[in-house]
Amino acid sequence: MSERMSMDRRGFLGLTAVSALALAGCGGGHEQPRNGGRLRALFAGGGAKETLDPHAANLFIDQARHKAIFDKLTELGSDLAPVPRLAESWEVGEGATVWRIRLRDAVFHNGKKLSSEDVLYSFARILDPNSAEFTGKSNLSTLDLPNCRAIDPRTVELRLNRPNADLPTNLAALGVVIVPDGFKDPAQPVGTGPFKFGSFTAGRTFTATRFDQHWEGAPRIDELHILSADADARGNALRSGQAEYAHEVNPTFARTVAADKSAQIIVTPGCTTQAFALKTDRPPFDNPDVVLAFKLIADRQRLVDVVLAGKGQVGNDLYGKGYRYYPQDLPQRSRDPEQARSLLRKAGALNTPLTLYTSSASAGFVEAATLFAQQCGEAGVKVDVQTGPSETFWKDQLVKGEIGSHRSGAMPIPEFLNIRMLTNSPYNISAWRHADFDADFAAAQSTVDEAERAALYQKLQRRVYDKAGLLVWGHPDWLNAATPKLHGIESAPPNTLNWARFDKAWLS
Amino acid sequence: MRRVITVLLLAVPVAAAVLGPLIADLFATQGGLPYGVDGPLGTDNLGRDVLAQLLKGGATSLGVAAGAVLLSYLVGGLIGLTAASARSRTVDDALIRPLDVLLPLPSLLVVSVVAIGGGASLVKVGLAVAVINLPTVARLVRAAALSAASGPVVEALRMQGESWWRIQLGFIGRSVLASVTADIGTRLTLAIFLVASANFLGLGLSPTSADWAVSIARNRDGLLLQPWAALAPAAMLVACTLGLNLLADGLLARARRLEVR
Amino acid sequence: MTKYVLRRLALAVGQLVALSIVVFSLTAMLPGDAAEVRQSEHMTPEQVAALRNQLGLDRPLWTRFLEWAGAVLHGDLGQSLSSGLPVNQIIGESIGCTAVLAGVTVLLVAPLSTVLGIASAVGENGRLDRVITAVTLGLAAIPDFVLALVFVAVFALQLGWSPATWVGVTDLCTPELLALPVAVLLCRSLSLLTRQVRAGTVTVLHAGYVVQARRLGLPRRTVLLRHVLPNAAVPAVQDLARLGDNLLGGVLLVEAIFAIPGVATALITAVQQRDVPTVQGLTMVLAAFALLIHLLADLICDRLVPRTELLR
């Protein structure tokens, strides 16, 4: 039986295309695409932490570089459903434990044809226990590697140790990249991607050139540079003509260039998530009434207006607005300080001061925390904002404070539940641990029927909305900037197929 | 004329720092939008009134620097005086040499390193600035005390049978005070710069703080949308350091005139 | 003379050893370690423990310090904990930008401040002196970062005279690239040093021996070149050496604002990533530089005005 990809963009994502078109319009009209030229793209740098090893990718800039050189078996579409890439098609059998994947006719930069052995070698390399930092591990955790095999040079059979109907989504995950069999030297990367590797200095530069034999057709630009720069430098470099594309700019920059037309802003509305995590394993949030009370205290519109400078949408305590499996019919939760106070009074939680643990690890964290603490104060609860060191924040906030700052990029809803909301999730930010929730998740994951699986995932999501400690207050617009002469950049949520994609771009 | 300018330049930021926090809330407009036009100086990136922020932000900008310099004079002065009055060279060396270890380190780096570890802590930044100033202050005080102690006046006082305490506090202390007065303006300016630089780099206070340097860093993005949010705190810092430099020049000139006489 | 230099060098080595201990303990005392900083949300606690073991962070502090010290004696500064690259390479890659920035600034600041300072002092209270004093006083009062922000906004973004950042730059020594960062560094160091030179020269001009020399009818030029300049230069050279500290602070800000991948940025990043060997290596190199410059300054001063005992 073969799975059909759902390629339709629903809900607000329809807006995406419209606003992108509208913006592309101001950047040069209806010229014919041209070939040639050098595209310099700026991403937030990670200093010496940046890596060329496609399996150790963690930062956006790493992923952008790897996307230029390599391909994955699948990628995610704009609704976060899987889209075939090196996997031309797939079939699933035996209750979602056996998957047959048909590979595309693709070539590596060294002229070698893509074969099943390359896929098996890549998975073995990712799952190697000696490489602790490889990011694809958890997404391939259902793979029963010794029993996977090559049926013929272009067909791989993957066997799983438990049913997993989401495997095609897992294959699109961060770091699940296909390298050639025997790939050992990440300093000389060879892939099937649209660009051939040129040079790399961690924390600074990366260059690559057009690969004419790419299976999807050669890119239009000759040369791609991916450069590291922090937020201010990205804005300044773009405006002073040192780059053609800047990934992640802030709303202030968008307002500034809207006034002087020195750059176009490519908007993907509301595709990431900003939240506060209420730790449900400790007082006072072990009482669901208190959790609800805090969700009623938040003035989401004010948070969006100030912290996101209005460039975003109000959140509804749930991750993944607009993505596949998102329950569309939930009522929007809004501010109700009266009811919040009465709930808190009933729970006896009005007079206990709480700690909101935050840091400047992500833009807007401290600002949102300060504003929310102020809103809590107005509702009669004292919340102290504690700002910790940003370098270790992601680990510290699991243990510190009753409330924590949280943000999440775009990922499929099942993956979000898997790494954030299960008893064993390494990054369970709201300390949500319920055996029956875990069981329901496993049941959904092993359900092959699409409609049935969707219903199960939506049920899990409803429970998160009602009871879990996730106070999602906003979905920031994803803002990228480009000079007026850059064309062919589509707006797309991060981590999806059209994100950081430069093989369709062209310069006028 | 010069005196009037000096006083004015210093009085505005110092008054803002000392009295500002008390009256800031009178100006605060609530619930504005980012980089808006509400209030006399508009709003900042979080929609807060720039004037109110300006009044709140001086205490940390100037207070930490002043506290740090005061602390380094107290501790460094004590070390310097003790070293100068020590009869044995070993004691002198034991007091002064260990401080030299810190000398070759760029000061802003020391502050940054200290601040990174602690997250946002004013006390830490202040302590770091005090420690950085310690070696130079100790050496300055020691040199001033030594030149006074070896001069003919102390010899005469000693021959007259004046007590050690009278000589130390009365004569040597006063001549040390003269060098300190000549030094204090420049040292304060450098301390203000140091604290401000650390805060500007995001290595000290929380990024939402009203501190002048933090405000400049936070609102620089909006320079073209609402310039006052960044320029007003910058003007305060510059007024203050300019006033201090003028003051230091005046004090130095006076010290030199006294010397000549 | 040789004996003095050797003694100073020995002292410097002692200072460096003491400093390495201080820096090592300070960095080790920071909350968290390199493994925790490298942790991603995809890693389980077991994987973090494995990484910590792989980096050798589960061994006692003193073993790690002694190993590091042993390797340094062989000229090896160790490996970065965050990237695995040799620290020697990290220093090599980052020192270029900083050296060019600081070098160009010092090359400009030394002659300019001498000329301006002496010109100002010779015409004390004249029109030129007033202008120079007012300008230097004003420039010395503006923090580096304010100056840098204004320069970028005006000269790079509005007027487009020079690039706003060093992002993706390969050739360091182009004038338009250096112009803005060096201008920022120059403004403050030049005004500080000019003021010092002026003050020093004024003092010397009023000193007894100069007054005497003039009274004896020596030509004005001879007096200036033979007597005033060497004596006035002594404090100026010392100040120039001390300016190194100021300059490095400025370099850190300039690096941050212009996105220059230099030493200061590398050091801050290393501290943030708890990369102890890199922090150690970079501080050692910076401190050794500072000590050498101070020694050099003392030697130059001794040449200019020989004294019986050199400064301690």
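Shown above is the structure to which this text applies.
Only a predicted model underlies this, so the values are computations on that prediction, with no experimental measurement involved.

Caption draft 1: Quick peek at the overall build of chain C. Within chain C, the regular secondary structure consists of 12 helices and zero strands. Going from the N terminus to the C terminus, chain C shows its helices and strands as α-α-α-α-α-α-α-α-α-α-α-α. Here the C-alpha coordinates of chain C stretch approximately 85 × 55 × 30 Å along the principal axes. A buried classification covers 50% of the 312 residues belonging to chain C. Taking the contacts inside chain C whose residues are at least 6 apart along the sequence as the reference set, 72% of them involve residues at least 24 apart. Of the roughly 14400 Å² that chain C leaves accessible, carbon and sulfur atoms contribute 67%. Computing the positive centroid from 22 side-chain charges and the negative centroid from 20, chain C places the two 19 Å apart.

Caption draft 2: Molecular detail of the overall build of chain A. In terms of regular secondary structure, chain A is built from 14 helices and 21 strands. The globule rule puts the C-alpha radius of gyration for 508 residues at 23 Å, and the 23 Å found for chain A is close to it. Principal-axis analysis of the C-alpha atoms gives chain A an extent of 70 × 60 × 40 Å. Residue burial in chain A is summarised as follows: out of 508 residues, 59% are buried. Within chain A, residue pairs in contact and separated by at least 24 positions form 71% of the contacts whose partners lie at least 6 positions apart. Total accessible area on chain A is roughly 18000 Å²; 50% of this is exposed by carbon and sulfur atoms. In chain A, 58 side chains carry a positive charge and 58 a negative one; their mean positions are 2 Å apart.

Caption draft 3: View of the nonpolar core. Among the nonpolar cores identified, the biggest contains 108 residues, and Phe145 and Phe258 of chain C are the most heavily contacted of them. The element best represented in this core is helix H7 (residues 164-200) of chain B, accounting for 12 residues. Of all hydrophobic cores here, the second largest spans 66 residues; its members include Phe206, Ile226, Leu460 and Ala468 of chain A.

Caption draft 4: Focus on the sheet that holds strand E19 (residues 478-482) of chain A. All names here are of chain A. In space, the seven strands of this open sheet follow the order E8-E9-E10-E1-E11-E19-E12, with mixed pairing throughout. Each having just a single partner strand, strand E8 (195-201) and strand E12 (264-268) make up the two edges of the open sheet. Where strand E1 (residues 38-43) and strand E11 (residues 245-246) come together, two bridges link them in parallel fashion. The partner of Leu42 across the bridge, within E11, is Ala246. The strands that helix H5 (residues 231-239) touches are E1, E11 and E19; relative to E1, the one it contacts most, it runs at about 155°.

Caption draft 5: Examining the environment of Val146 of chain C more closely. Residue and element names in this part refer to chain C. Looking at the element boundaries, Val146 is found in helix H7 (residues 144-158). In this structure Val146 comes out as buried when scored by relative accessible area, which is 11%. Distance from Val146 to Val184, taken between C-alpha atoms, is 9.5 Å for residues 38 residues apart in sequence.

Caption draft 6: Quick peek at the sheet that holds strand E6 (residues 149-152) of chain A. All names here are of chain A. Taken in spatial order, the four strands make up an open sheet running E4-E5-E7-E6, and their pairing is antiparallel. Only two strands of the sheet have a single partner each, and these edge strands are strand E4 (87-93) and E6. Neighbour-to-neighbour, the strand axes of the sheet open up by a mean angle of 25°, direction not taken into account.

Caption draft 7: Inspection of the interface of chain C and chain B at higher detail. Each partner contributes to the interface: chain C provides 41 residues, whereas chain B provides 38 residues. For the pair chain C and chain B, the two sides together bury roughly 3500 Å², of which 74% comes from carbon and sulfur. One can count zero salt bridges joining chain C with chain B. Taken together, the elements giving at least two residues each to the side of chain C that touches chain B come down to helix H1 (2-29), helix H6 (127-140), H7, helix H8 (175-206), helix H10 (220-258), helix H11 (263-272) and helix H12 (276-304) of chain C. Its residues assigned to classes, the side of chain C that touches chain B comprises 28 nonpolar, eight polar and five charged.

Caption draft 8: Structural context of the pattern of salt bridges. Applying the stated criterion across every chain yields a total of 37 salt bridges over all chains. Three or more residues joined by partner-sharing salt bridges are found here, namely Arg85, Glu216, Arg501, Asp503 and Lys504 of chain A.

Caption draft 9: Highlighting the pairing of strand E15 (residues 354-358) of chain A. All names here are of chain A. Here E15 lies mainly inside the structure; four of its five residues are buried. Running through helix H10 (residues 365-378), the crossover from E15 to the neighbouring parallel element strand E16 (residues 383-387) is right-handed. Sheet analysis places E15 next to strand E17 (residues 403-408), joined by two bridges and oriented parallel. Bridge pairing in E17 links Leu356 to Ile403.

Caption draft 10: Seen up close, unusual backbone geometry. Residues and elements named next belong to chain A. Following Pro283, the chain continues into Pro284 via a peptide bond in cis, with omega recorded as 0°. Mapped onto the elements of the fold, Pro284 is located in the loop between strand E13 (273-278) and helix H7 (288-297). For Glu94, which is not glycine, the phi dihedral falls at a positive 50°. By secondary structure assignment, the location of Glu94 is in the loop between E4 and strand E5 (98-103). By relative accessible area, which is 56% here, Glu94 ends up exposed. Despite not being glycine, Tyr325 shows a phi value in the positive range, around 80°. Relative to the helices and strands, Tyr325 is located in the loop between strand E14 (312-314) and helix H9 (337-347).

Definitions and cut-offs
Residues numbered from 1 in each chain as written. Chains lettered and ligands numbered in written order. Predicted model: local features only at pLDDT ≥ 70, side-chain atom pairs only at ≥ 80, totals over all residues. Heavy atoms only, no water. Helix = DSSP H or I, 4+ residues; strand = E, 2+ residues; numbered from the N terminus. Buried < 20%, exposed > 50% of the residue type's maximum accessible area, 1.4 Å probe, protein only. Contact = heavy atoms within 4.5 Å. Areas by Shrake-Rupley, 256 points an atom, 1.4 Å probe, with all protein chains shown as cover. Lys, Arg positive; Asp, Glu negative; His and termini not counted. Charge placed at Lys NZ, Arg CZ, Asp CG, Glu CD. Rg over C-alpha atoms; globule rule 2.2 N^0.38 Å. Core = buried A, V, L, I, M, F, W, Y, C linked by side-chain atoms within 4.5 Å. Pairing = 2+ DSSP bridges. Axes fitted to C-alpha atoms, helices over the stretch in contact; angles between N-to-C directions. Buried area = accessible area lost by both parts, 1.4 Å probe. Salt bridge = Lys/Arg side-chain N within 4 Å of Asp/Glu carboxyl O. Nonpolar A, V, L, I, M, F, W, Y, C, P; charged D, E, K, R; others polar. Right-handed = clockwise from strand over helix to strand, strands pointing away.

Worth remembering: the numbers are spatial, not functional.
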